[in-house]
Every structure is written in structure tokens, then in C-alpha cells.
Amino acid sequence: MVEEIQVVTIAGSDSDGSAGAQADLHSFFVQNTYGMTILTAAVAGNSYGIHAVQNMPTEFITAQFNALADDFHIRATKTGMLANTEIMHTVVENYQSVDFGPLVVDPVITTKHGNRLLEVEAIDTLKQQLLPLATVTTPNFYEAQILADMQIMSMQDIETAALRIQKLGVPNVMIKGRHDNDDQEIVVDYVLLADGRHFTLSEPFIKTQRINGTGDTLSATITACLAKGESVEQSIRTAKKATHNAIANEIEVGHKFGPINHWAIQK
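Residues numbered from 1 in each chain as written. Predicted model: local features only at pLDDT ≥ 70, side-chain atom pairs only at ≥ 80, totals over all residues. Heavy atoms only, no water.

Considering the overall build of the protein
Point 1. When helices and strands are tallied, the protein shows eight helices and nine strands.
Point 2. By the compact-globule yardstick of 18 Å for 267 residues, the protein fits well, its C-alpha radius of gyration being 17 Å.
Point 3. Scored against the burial criterion, the 267 residues of the protein give a buried share of 54%.
Point 4. Accessible surface, the protein as shown: approximately 12,200 Å² in total, 50% of it carbon and sulfur. (Helix = DSSP H or I, 4+ residues; strand = E, 2+ residues; numbered from the N terminus. Rg over C-alpha atoms; globule rule 2.2 N^0.38 Å. Buried < 20%, exposed > 50% of the residue type's maximum accessible area, 1.4 Å probe, protein only. Areas by Shrake-Rupley, 256 points an atom, 1.4 Å probe, with all protein chains shown as cover.)

This is the structure in C-alpha cells:
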């Protein structure tokens, strides 16, 4: 019997299934990998918004790491919501003590519209401890500004920001393009690879409120592809296309801000 490819997400649980660990698991599944979770928080939310958040005790986070390490062969890992310095430091310590394959860091600092999700004190921990462990990081436009400590006003600024983020210790950087202007026609992501090569990836802008879980899906798909042995570049290209397909084929779940469509990735 051939062992299935196993991956893990270190993230929060989103009760409506649209984002967080649930979106990661959807993404792992459609890439034919077996997904596991190390929960850092639980979010009570629906399509109207988030109504309560409960962070997991760090002892429980460590217990989850130990349980998985004792039994499974995990080939790649991704991080999502790590709400504070204590949780982030716990994740860093535990990841360093196990062999869970390459790490993809989705630096959940702000929403795609610029609203803060991570406490300010934890940003230094992210920069100094977590990013140096990562193979790939996937900040959105606003997160890239924070990580690079600069304003981004042009494509040249994006290139500079990617270099600054790379100097934090993460070899491969994907800065996700802005998609908060209803008049824009395309979304352009910028990728800087470890060997210095760089390129952009573009897809048409889809005007929709059903975009919950886009960042989770992108980073989780990269993780799954790395676990299957794909190169970083191919993993990123696969993830960009998969995420666009999930956005472009809407599904009706919830009344307001809905999830993207992971079924569309399988087509």
C-alpha cells in the first residue's frame, strides 16, 4: 500500500467553513493530499462577520504537534492565524523540534482591505522567528508594506518590498496584488524566487463578495504542491490558477460575504 501524501495547517478554525483551517482542508483535499490541523484559535462567525474568537492554550497547541509527530509522516506545513506573540513563539519552537517538511507562511497580519488581525507586538516575532523558517511566504499588499516597513506606490516599490522581505530570511516571496477597487480589471501578483528570478501572475478581477478564504486557499495549495514534490515556482503557479478558478465560479452559501468554490478547482 502506498502512503498518502500528508500535510498540516497550523491555523484557526472558522465555524462557517469559509476560511482558516477549513479552507485549508478543502484546498488540501482537491490537490489529492491528506490534510491535518493544529488549531491555534476558534472563530465564531458567519457570512455577516466574526462574533467571537477563542485562542487555544499554548499547551494544547504543543500537544497537537506531539500527537501528529508521534504518528504521521507530514511532508509540508503551512501557518495561518497566529494571533499573538505567545502562540507564534510556541509554533516556532514546536516546528523546529519536528520534521514536518517545508513551511509556507501566510502572514495573517491584516485583511485584504487593510484591517488589523495580528497584535502589533507579534510582528517582530513573525519577522525574526517565523519567516526565517519558511520556504515561501504569501503576504497581501498591506501585509507586504508592514513586513517591508515601507509604503508601496508602484511596481518598483513592490519589487523593493519583496527584496526586503526576502532579506528577513524567507527565500521565496509572493506578494498578492490588491483587489479592493471595483474598477480594476486585473489582479497582479508579484513573485520573487530564491535564485533571484521574478515574475508576475495576472488574472481578471472578479467583482464579487464571495472571496472568503482566498489567501488560505492560495497558501494551502502551494503547501500541497510542495508536498507532492513540485518546485516552488510550479506550486505558486498552480495555486494562483486554482484560487482564481475558485473565485470565478461562485457558489451560494450564506447571505453576505461567502466562501470561494473549491469544487471548481477539481474541474
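Here we look at the layout of surface pockets
Point 1. Its volume calculated, the second largest pocket comes out at about 230 Å³.
Point 2. In this structure, the second largest pocket is lined by 14 residues; those nearest its centre are His26, Ile251, Ile260, His262 and Trp263.
Point 3. In terms of residue class, the lining of the second largest pocket is made up of seven nonpolar, six polar and one charged. (1 Å grid on protein atoms, 1.4 Å probe; cavity = no way out; pocket = protein on both sides within 12 Å on 5 of 7 lines; lining within 4 Å. Points joined across faces, edges and corners; volume = space filled by probe spheres on them. Nonpolar A, V, L, I, M, F, W, Y, C, P; charged D, E, K, R; others polar.)

Comments concerning empty space enclosed by the protein
Point 1. Scanning all chains against the criterion turns up one cavity of 30 Å³ or more.
Point 2. Lining of the largest cavity is provided by Thr79, Gly80, Leu82, Met88, Val105, Asp106, Pro107, Val108, Ile109, Leu118, Leu126 and Leu130.
Point 3. Classifying every residue of the lining of the largest cavity by side-chain character gives nine nonpolar, two polar and one charged.

Looking at helix 3 (residues 85-97)
Point 1. The terminal C-alpha atoms of helix 3, which comprises 13 residues, lie 19 Å apart, in line with the 18 Å expected from a rise of 1.5 Å per residue.
Point 2. Within the sequence span of helix 3, burial applies to Ile87, Met88, Thr90, Val91, Val92, Asn94 and Tyr95.
Point 3. Its side-chain oxygen at 3.2 Å from the backbone nitrogen of Glu86, Asn84 defines the N-terminal cap of helix 3. (Expected span 1.5 Å × (residues − 1). Polar contact = N/O pair within 3.5 Å; in protein donor to acceptor, adjacent residues only side chain to side chain.)

Some thoughts on the pairing of strand 8 (residues 186-192)
Point 1. With five of its seven residues buried, strand 8 lies for the most part within the structure.
Point 2. Judged from the three bridges that link them, strand 7 (residues 172-175) and strand 8 form a sheet pairing that is antiparallel. When the bridges of strand 8 are listed, Ile175 appears paired with Tyr190.
Point 3. As paired strands, strand 8 and strand 9 (residues 198-204) are joined by seven bridges and run antiparallel to one another. Bridged to Ile186 within strand 9 is Pro204.
Point 4. Counting the residues between successive antiparallel strands, the hairpin from strand 8 to strand 9 contains five residues, one of them, Gly196, with a positive phi of roughly 95°. (Pairing = 2+ DSSP bridges.)

With respect to the nonpolar core
Where a protein is soluble and globular, its nonpolar side chains tend to be buried together.
Point 1. Core analysis: the largest hydrophobic core is formed by 43 residues, its most contacted members being Ile38, Phe65, Phe100, Leu126, Leu130, Ile165 and Ile175.
Point 2. Apart from the residues lying within four places of it in its own chain, the contact partners of Leu130 are Thr79, Leu82, Met88, Val92, Leu103, Val105 and Thr125.
Point 3. Counting residues in hydrophobic clusters, the runner-up holds 13 residues, among them Val136, Met174, Val191 and Leu193. (Core = buried A, V, L, I, M, F, W, Y, C linked by side-chain atoms within 4.5 Å. Contact = heavy atoms within 4.5 Å.)

Description of the environment of Asn32
Point 1. Tracing the backbone shows Asn32 in the loop between helix 1 (20-30) and strand 2 (34-46).
Point 2. Classification of Asn32 by relative accessible area gives exposed; the value is 63%.

Thoughts on the pattern of salt bridges
Point 1. Under the criterion given, the structure shown has nine salt bridges.
Point 2. Note that Asp106 is salt-bridged to Lys176, the shortest N-O span being 3.8 Å. Of this pair, Asp106 sits in the loop between strand 5 (103-105) and helix 4 (121-130) while Lys176 sits in the loop between strand 7 and strand 8, placing them 70 residues apart in sequence.
Point 3. In this structure Lys176 comes out as buried when scored by relative accessible area, which is 13%.
Point 4. Among the salt bridges present, the one from Glu252 reaches Arg210, with a minimum N-O distance of 3.3 Å. (Salt bridge = Lys/Arg side-chain N within 4 Å of Asp/Glu carboxyl O.)

A look at the sheet that holds strand 8
Point 1. Taken together, the nine strands give an open sheet; going across it, the order is 3-2-1-4-5-6-7-8-9, and neighbouring strands pair in mixed fashion. Both edges of this open sheet fall to strand 3 (49-55) and strand 9, since each of them pairs with a single strand only.
Point 2. In terms of strand pairing, strand 2 meets strand 3 through six bridges, oriented antiparallel. Across the sheet, Ala44 pairs through a bridge with Ala52, a residue of strand 3.
Point 3. Against the sheet, helix 2 (residues 58-69) makes contact with strand 1 (6-14), strand 2 and strand 4 (74-79), and its axis sits at roughly 155° relative to strand 2, the strand it touches most. (Axes fitted to C-alpha atoms, helices over the stretch in contact; angles between N-to-C directions.)

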